[in-house]
Amino acid sequence: MGSTADTPQTGRGGSIPAYRYNASLAAGIEQKWQDHWEQDRTFEAPNTAGPLADPAVVAGREKLFILDMFPYPSGSGLHVGHPLGYIATDVFGRFKRMTGKNVLHAIGYDSFGLPAEQHAIVTGIHPRINTESNIANMRRQLRRLGLAHDQRRSISTTDESYYRWTQWIFLQIFNSWYDDRLKKARNITELEKEFESGMRQPTTAQSAKKWKDLSKLEQRKILDDYRLVYLANAPVNWCPGLGTILANEEVTAEGRSDIGNYPVFKRNMRQWTMRITAYADRLLDDLDRLDWPESIKLMQRNWIGRSTGARVRFASAAGEIEVFTTRPDTLFGATFMVLSPEHQLVDALTTKSQQSAVEKYRESARKLNDNERQNDDRKKTGVDTGATATNPVTGQQIPIWIADYVLMGYGTGAIMAVPSGDERDFEFARAYKLPIVAIQMPPGEWFAIHDIAPSPDCASWPSAYVGEGRYINSSNKNISLDGKRSMSQAISLINSWLEKNDFGESAITYKLRNWLFSRQRYWGEPFPIVYDQDDMPHAVPDKLLPVKLPELTDFKPQALDPNDEKTDPLPPLARVTEWLSVELDLGDGKKTYRREVNVMPQWAGSCWYELRYLDPTNTVQFVDAEVERYWMGPKTAGHTGGVDLYVGGVEHAVLHLLYSRFWHKVLFDLGHVSSEEPFHKLFNQGYIQAFAYRDSRGQTVPANEVVEQNGDFIFEGESVAREYGKMGKSLKNIVTPDEMYDEFGADTFRLYEMSTGPLDASRPWNTRDVVGMQRFLQRTWRNLVDEETNKLHVSNDPAPLELRRALHRCIHGVHQDMENLRFNTAISKLIELNNALTMHVNATGSTPREIAVPLTQMLSPLCPHIAEELWQKLGVETPITYTTFPVADPKLLISETIEIPVQINGKLRARLAAPADISDDELRALALADAKVIAALAGATPAKIVIVPKRLINFVL
RNA sequence: GCCCGAGUGGCGGAAUGGCAGACGCGACGGACUCAAAAUCCGUUGUCUGAAAGGGCGUGCGGGUUCGACUCCCGCCUCGGGCACCA
């Protein structure tokens, strides 16, 4: 433990002043103030209602809800990369408190889920024990950073009092359906009423009978088809290496698991699925109303992938085949159809002679996983089914093929192939000698680029033509597109024709898939669901929540070979026989039910945690409505509401940020929250990266033992290669906050992290550079405090005008920088001010109080501990946390004389000292009288003189 | 392949149409010290010059402008996202 703030330190050989600001003095100051803040409960933010309410303190203050993406409590604790965002939000929050805001800032732990569980499996320790000790360690590390968090609001997703509400929200979703007419989620009982009253009919696919003629069980099954979370037998991503299925979002482009990098296989399983696609339009459209980085919005737009076009039905011997196309205008050019090998009509369509070929192709397609399909050099393969379908506009019989380039998971799993207008279809048609008919005449340039003569005969074309072009060969008795040039006009013409003749209609399709919500693991929220004898799912009654995760001694998932795609998963909870069956009265007498043995995915807990921060101790509601409205409600009509500032890494662009938006919108529809979006403003911080070093055998060597010599990197006398990237245990380049606290102190560490670049930029970590911020604080300390006696040497003498002006320029700049999260430039400005102050102190021996006070205030958001210590020494009564941030005096932002650059032909030739209020005429006269200007002009008369008032003059010759 | 983002001293970066390199690190010189560390003072884009000064300079090539790191067009390199999405 370092010395406390009031105990002098003994420097080596007694040569270091006793109260020099260094790591050991900082340690004492920091601990002192961290204890003080805790005892004083300095950073508790009052609510408007409920147990955390303090209306008197709330009154008259604007609220500000700042949020960090909460961490996984991993076993290795924090490295210096983790706190970057936490420091930034802390600086911002502290700054905003000093501008009068009621700031809510807290941090919790995302403690369920695969990473924690995988770690537990590796260490062999129960995830709960492991998780709790990891959280304790992270809390300790974060406390030493001096974050101004409201400790009462720190939750963990694994707390029973938290996941009780995660289960409750799940049941809200389970008990809802999406009303396409009203475009919102509603309670499922309202759908039942609509069926009963006849306002709504089951679709013919669901039942041929009238609602009232259906049995209770049949009715129940139809209702279940509408629920926002439902059981579906569908193709899932099965990852035997993790013993669980995964969401699409958790599978990499290589067809492997995001976590652990195990192979993932497609197979059918009955799983809980969240109907996120019902919200596709709103998730897409509401992006426009959010203050998010454009790049993240774009990633979400691409992920949702809305395409507008048409559904078209083709008649065949096996019944209608429906396709989706974005280009219905090209229907006249559809010369064949392609079905996905998994399409349900393939068996019925295939002719006898093609049966064995089709079966063989389907078998080989099944064996390929997505990964292998990709490495396939993209050569198109396929097989003729022997069957034909009728092109509705041409009336022609066109062949039906199957090919694996058509995906079952998108559109209808079948396409109309227009080889002249689609590159993939063109390639396929060329490979299998299928007819290609031009339906648009490409423009002349297109032929020129391909160096061929313009011709509507596709035999000469090297590729398909995609784009606008005059339509040809596109007419029948009832409709003609020929001669038209506008694609949108052609599309709307053909769409109305299709609709009129009942061949199809305009339609929208999304890339977004519904969210697979079951995991065959242990460390997650149990589903609040039980099954009856008919295998129908029922909600566990609210008063029986939470459904507690049973304690297991063997919590490991079933061990499977990562390549074993055949074995069925056996969730760990299925082994807890005494927990598995339960006696309940769900309104029709006591019966025995079987519990759901899957658990929720890692994302469940993080889908709503920001709401629980608001009202963490509420036992009757997940959040009090008034409290939610205060912190997250819309600010004006049309405002989405939500967190005022959400800071985190870009890696959550489509997973967490899409899922939590979805849950939030359901809660909004059901009237549980007043905000339409969870996170109004999003900011992506960059990453702290690091250098790693490998020896000649490719082994990483400890980065902190590598020395640089003349541009070469040497470890134990041998040259090693440097690489740049993440910090990681295996890369042996981890630097921990603890090392920084010990070596420099938390304030220096905070300043360093904020000073190295703009918040959204990634930057390398360089421990060597940290000392710069240490020196800055040391000089500031020395300017205010006598290093030998620990006494303040601040005077009441007025500051000279120039120093006072420097102060106000600094205040002005720092204010703007803080407001815009530009902490790096704010720090530069503070250093400049301090450097100016140092010159004054060197000359006069003391710091004017009128400088010392605002300087300390401005430092306080960035390095709060040293600022508190100085504040105490300055003897100001108001706590620094709640003083008003200094405000610049506009009169002092203007100097009496300014320096004006003189350009000749845009090149700098001279600088003039001029009065600040110089007129253009005076400036011109002054410049023309300047010796350097006279020399540079060499007697020539300027053709033009450009003057930017009070800033610049440029002579054009 | 398609879509984003970024390229500035030895290093992190600043300047978003108007003095390129603020601020920090490092390096070099000096003070203090028996010495070192720490601290303090100074120099530091590059070429040229004894100096004053001058030439060049923001990935590359063009353009707009009195004036471009900044805006436009075309390339190169790096980073990220998506990837047979009909």
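The numbering scheme is per chain: residues are counted from 1 as the chain's sequence reads. Chains and ligands are labelled by the order in which they are written, letters from A for the one and numbers from 1 for the other. Only residues with pLDDT of 70 or above have their local features reported here, since the model is predicted, and side-chain atom pairs are shown and tallied only from 80 upward, although totals for entire chains, interfaces and linings are computed over all residues. Just so you know, side-chain values use all the structure's heavy atoms and leave hydrogens and water out.

Trainee: Looking at this structure, how should I read the nonpolar core?
Mentor: Within soluble globular proteins, side chains that are nonpolar generally end up buried alongside one another. Nonpolar cores were defined as sets of buried Ala, Val, Leu, Ile, Met, Phe, Trp, Tyr and Cys residues, with membership established by side-chain atoms within 4.5 Å. Burial classes: relative accessible area under 20% of the type maximum marks a residue as buried, over 50% as exposed, and values in between as partly exposed (1.4 Å probe, protein chains only). Counting residues in hydrophobic clusters, the biggest one holds 92 residues, and the most contacted among them are Phe 170, Trp 515, Phe 517, Phe 622 and Trp 663. A run of H or I in DSSP becomes a helix once it reaches four residues, and a run of E becomes a strand once it reaches two; helices and strands are each numbered from the N terminus. With nine residues, helix α6 (residues 160–174) is the single largest residue contributor to this core. For this analysis, residues touch if any pair of their heavy atoms sits within 4.5 Å. In contact with Phe 170, other than residues within four places in its own chain, are Val 229, Trp 272, Met 274, Phe 517, Phe 527, Pro 528, Ile 529 and Met 600. Counting residues in each nonpolar core, the second largest holds 87 residues, with Trp 33, Leu 142, Ile 831 and Leu 855 among its members.

Trainee: Could you clarify how one ought to interpret the protein's contact with RNA strand B in this entry?
Mentor: Lining the immediate environment of RNA strand B, one finds 56 residues, of which Tyr 410, Arg 424, Asp 769, Arg 911 and Asn 954 sit closest. Nitrogen and oxygen atoms within 3.5 Å of one another constitute a polar contact, given that in protein one can donate a hydrogen and the other can accept it, and given that sequence-neighbouring residues count only through two side-chain atoms. Tyr 410 is positioned such that a nitrogen or oxygen atom in its side chain is 2.4 Å from a phosphate oxygen of RNA strand B. Between RNA strand B and Asn 954 there is a distance of 2.4 Å, counted from a base oxygen to a side-chain nitrogen or oxygen. When residues of the surface near RNA strand B are assigned to their parent elements, the largest contribution, eight residues, is made by helix α25 (residues 823–844). Gly is placed with the polar residues, together with every amino acid not listed as nonpolar (Ala, Val, Leu, Ile, Met, Phe, Trp, Tyr, Cys and Pro) or charged (Asp, Glu, Lys and Arg). In terms of residue class, the surface near RNA strand B is made up of 19 nonpolar, 17 polar and 20 charged. Here, proximity means that at least one heavy atom of the residue falls within 4 Å of the molecule or strand.

Trainee: Please clarify how the sheet that holds strand β36 (residues 952–956) should be interpreted in this entry.
Mentor: The strands that make up a sheet pair up through hydrogen bonds in the backbone, lying either parallel or antiparallel. Strand pairing requires that DSSP identify at least two bridges connecting the strands. The strand order across the open sheet built from four strands is β34-β33-β36-β35, with neighbouring strands paired in mixed fashion. Each edge of the open sheet is held by one strand with a lone partner, namely β34 (907–915) and β35 (944–948). Direction aside, neighbouring strands of the sheet carry axes that sit 20 degrees apart on average. The sheet contact formed by strand β33 (residues 897–904) and β34 spans eight bridges and is antiparallel. Counted as the bridge partner of Ile 898 is Ala 914 from β34. Interaxial angles span 0 to 180 degrees and are taken between N-to-C directions of axes, which are lines fitted to C-alpha atoms, for helices over the stretch in contact. Those strands touched by helix α28 (residues 920–929) are β33, β34, β35 and β36, and its axis lies near 60 degrees from that of β36.

Trainee: Could you clarify how one ought to interpret the packing of helix α22 (residues 746–755) against helix α23 (residues 771–784) in this entry?
Mentor: Axes are the key here: two packed helices are described by the angle between their axes and the distance separating the axes. Between α22 and α23, the shortest axis-to-axis distance is 8 Å and the interhelical angle comes to 120 degrees. Put simply, α22 runs oblique to α23. Judged by the sense of rotation from one axis to the other, the crossing of α22 with α23 is right-handed. Only Met 773, Gln 774, Phe 776 and Leu 777 of α23 make contact with α22, whose side of the interface consists of Asp 747, Thr 748, Leu 751, Tyr 752 and Ser 755. Along the lines of polarity and charge, the residues of the contact of α22 with α23 split into five nonpolar, three polar and one charged. Working rule for angles: under 35 degrees goes down as roughly parallel, over 145 as roughly antiparallel, 65 to 115 as roughly perpendicular, anything else as oblique. We call a crossing left-handed when the near helix sits turned anticlockwise from the far one by less than a right angle, and right-handed when that turn is clockwise.

Trainee: Help me understand the environment of Gly 504, please; the structure alone is not making it clear to me.
Mentor: Mapped onto the elements of the fold, Gly 504 is located in strand β16 (residues 504–509). Contact partners of Gly 504, with chain neighbours within four places excluded, come to Arg 311, Val 312, Arg 313, Leu 498 and Glu 499.

Trainee: When you look at the state of the cysteines in this model, what are you seeing that I'm missing?
Mentor: Covalent bonding between the sulfur atoms of two cysteines defines a disulfide. The disulfide criterion used throughout: a pair of cysteine sulfur atoms within 2.5 Å. Tallied over the full model, the rule gives zero disulfides. Its sulfur unpaired, Cys 810 is 12 Å from the next cysteine sulfur, which belongs to Cys 863.

Trainee: I would appreciate a short explanation of the sheet that holds strand β26 (residues 707–709) in the present structure.
Mentor: The antiparallel open sheet is built from three strands, whose spatial order is β26-β27-β28. The open sheet has two edge strands with one neighbour each: β26 and β28 (718–719). In this structure, strand β27 (residues 712–715) lies alongside β28, joined through two bridges in antiparallel fashion. Directly across from Ile 714, in β28, lies its bridge partner Ser 719.

Trainee: Looking at this model, I keep getting lost on the environment of Met 727. Mind explaining?
Mentor: Locating Met 727 in the fold gives a position in the loop between β29 (721–725) and α21 (737–743). Once the C-alpha coordinates of Met 727 and Ile 688 are considered, the two residues, 39 residues apart in sequence, prove to be 8.0 Å apart. Residues within four places of Met 727 in sequence aside, it is in contact with His 79, Val 80, Ala 690, Asn 733, Ile 734, Val 735 and Trp 765.

Trainee: Whenever I open this one, the confidence of the model for chain A confuses me. Can you help?
Mentor: The predicted coordinates ought not to be read in detail in places where the model reports low pLDDT. The share of residues in chain A with pLDDT of 70 or more is 97%, and the mean pLDDT across the chain is 90. Overall, residues 1–14 carries pLDDT values under 50, and its contacts beyond four positions in sequence, including any with other chains, amount to 26 contacts. One number per residue, pLDDT, summarises how confident the predictor is, and it ranges from 0 to 100.

Trainee: Explanation requested: the pattern of salt bridges in the structure shown.
Mentor: When the charged atoms of two side chains lie near each other, side chains of opposite charge can form a pair. One side-chain nitrogen of Lys or Arg within 4 Å of one carboxyl oxygen of Asp or Glu is enough to make a salt bridge. Within the structure shown, the criterion is met by 61 salt bridges. For Glu 218, the salt bridge goes to Lys 209, with nearest N and O atoms at 3.7 Å. On the basis of relative accessible area, Lys 209 is assigned to the partly exposed category, the value being 44%. Where Lys 591 meets Asp 588, a salt bridge forms, and the shortest distance between an N and an O atom there is 3.1 Å. Judged by its relative accessible area of 46%, Asp 588 falls in the partly exposed class. Here the salt bridges do not stand alone but share partners, grouping Asp 286, Arg 289, Arg 661, Lys 665, Glu 676 and Glu 677 into one network.

Trainee: What should I look at first to understand the side chain of His 793 in this one?
Mentor: Note on placement: His 793 falls in the loop between α23 and β31 (794–795). Side-chain polar atoms of His 793 contact the backbone oxygen of Arg 782, separated by 2.9 Å. Once residues within four sequence positions are removed from consideration, His 793 is found in contact with Arg 782, Asn 783, Leu 784, Val 785, Asp 786, Val 841, Gly 845, Ser 846 and Thr 847.

Trainee: Explain helix α27 (residues 864–874) to me, please; I cannot follow it from the model alone.
Mentor: Residues spaced three or four apart along an α-helix face the same direction, because each turn holds 3.6 residues. Taking burial as the measure, the eleven residues of α27 include nine buried ones, the bulk of the element. Pro 864, His 865, Ile 866, Ala 867, Glu 868, Glu 869, Leu 870, Trp 871 and Leu 874 are the residues of α27 that are buried. The inward-facing, buried residues of α27 contact α1 (23–40), α3 (83–97), α22, α23, β31 and α26 (849–859). One or two positions beyond α27, positive phi appears at Gly 875, with a value near 75 degrees.

Trainee: Looking at this structure, I do not really get empty space enclosed by the protein. What am I missing?
Mentor: The rolling of a water-molecule-sized probe over the atoms marks out the regions of remaining empty space. Definitions used throughout: a 1 Å grid over protein atoms alone; a cavity as a set of points that fits a 1.4 Å probe which cannot get out; a pocket as an open set with protein on both sides within 12 Å along at least five of seven lines; a lining residue as one with an atom within 4 Å of a point. Grid points are joined across faces, edges and corners, and a volume is the space filled by probe spheres set on the points. Applying the stated criterion across every chain, the model contains two cavities of 30 Å³ or more. Roughly 70 Å³ of volume is contained in the largest cavity. In terms of lining, the largest cavity is formed by Gly 113, Leu 114, Glu 117, Glu 250, Arg 519, Arg 521, Trp 523, Gly 524, Val 599, Met 600, Pro 601 and Gln 602. Tallied by class, the residues present in the lining of the largest cavity amount to five nonpolar, three polar and four charged. The computed volume of the second largest cavity comes to approximately 40 Å³. Taken together, Leu 84, Glu 753, Met 754, Gly 757, Pro 758, Leu 759, Arg 763, Leu 821, Arg 822, Phe 823 and Asn 824 make up the full set of residues lining the second largest cavity.

Trainee: Honestly, unusual backbone geometry in this entry has me stumped. Any pointers?
Mentor: What is expected of a backbone is that most residues other than glycine have negative phi and most peptide bonds are trans. Of note, the bond from Leu 545 into Pro 546 is cis; its omega dihedral lies within 30 degrees of zero at 0 degrees. Within the fold, Pro 546 resides in the loop between β19 (537–539) and α17 (577–580). The phi angle at Asp 502 is positive, at roughly 60 degrees, despite the residue not being glycine. Residue position: Asp 502 is located in the loop between α16 (487–500) and β16.

Trainee: What's the story with the domain arrangement of chain A in this structure? I'm lost.
Mentor: Here chain A is described as being made up of domain 1 (41–157 + 604–684), domain 2 (181–226), domain 3 (312–504), domain 4 (746–891) and domain 5 (896–956). In this document the domain limits rely on a domain assignment from an automatic tool or a database. One C-alpha centre belongs to domain 2, the other to domain 5, and the line joining them spans 82 Å.

Trainee: Help me understand α6, please; the structure alone is not making it clear to me.
Mentor: Multiplying one less than the number of residues by 1.5 Å gives the expected span of a helix. Its 15 residues place the ends of α6 20 Å apart at the C-alpha level, agreeing with the 21 Å of an ideal helix rising 1.5 Å per residue. Extensive coverage of α6 is indicated by the burial of 13 of its 15 residues.

Trainee: What's the story with a nonpolar patch on the surface in this structure? I'm lost.
Mentor: Like charges are joined within 9 Å and nonpolar side chains (Val, Leu, Ile, Met, Phe, Trp, Tyr) within 5 Å, but only among residues with over 30% relative accessible area and no salt bridge; these make up the patches. Note on areas: Shrake-Rupley with a 1.4 Å probe; residue coverage comes only from the protein chains shown. Nonpolar side chains collect at one region of the surface, where Met 299, Val 650 and Tyr 687 lie side by side and expose about 230 Å² of accessible area between them. Take Tyr 687: it is sitting in the loop between β23 (682–684) and β24 (688–694).

Trainee: What should I look at first to understand the environment of Val 597 in this one?
Mentor: Looking at where Val 597 falls in the secondary structure, it is placed in the loop between β21 (590–595) and α18 (609–614). According to the relative accessible area criterion, Val 597 is buried, its value standing at 17%. When the C-alpha positions of Val 597 and Pro 678 are compared, they lie 30 Å apart, and in sequence the two are 81 residues distant. Setting aside residues up to four positions removed in sequence, Val 597 forms contacts with Pro 571, Leu 573, Ala 574 and Leu 580.

Trainee: Any chance you could explain the pairing of β27 here in plain terms?
Mentor: Note on strand geometry: in a regular strand, side chains alternate between the two faces of the sheet. By the bridge criterion, three bridges tie β26 to β27 in an arrangement that is antiparallel. Opposite Val 707, over in β27, you have Ile 714 as the bridge partner. Connecting β27 to the next strand, β28, in antiparallel fashion are two residues, including Glu 716 with a positive phi near 50 degrees.

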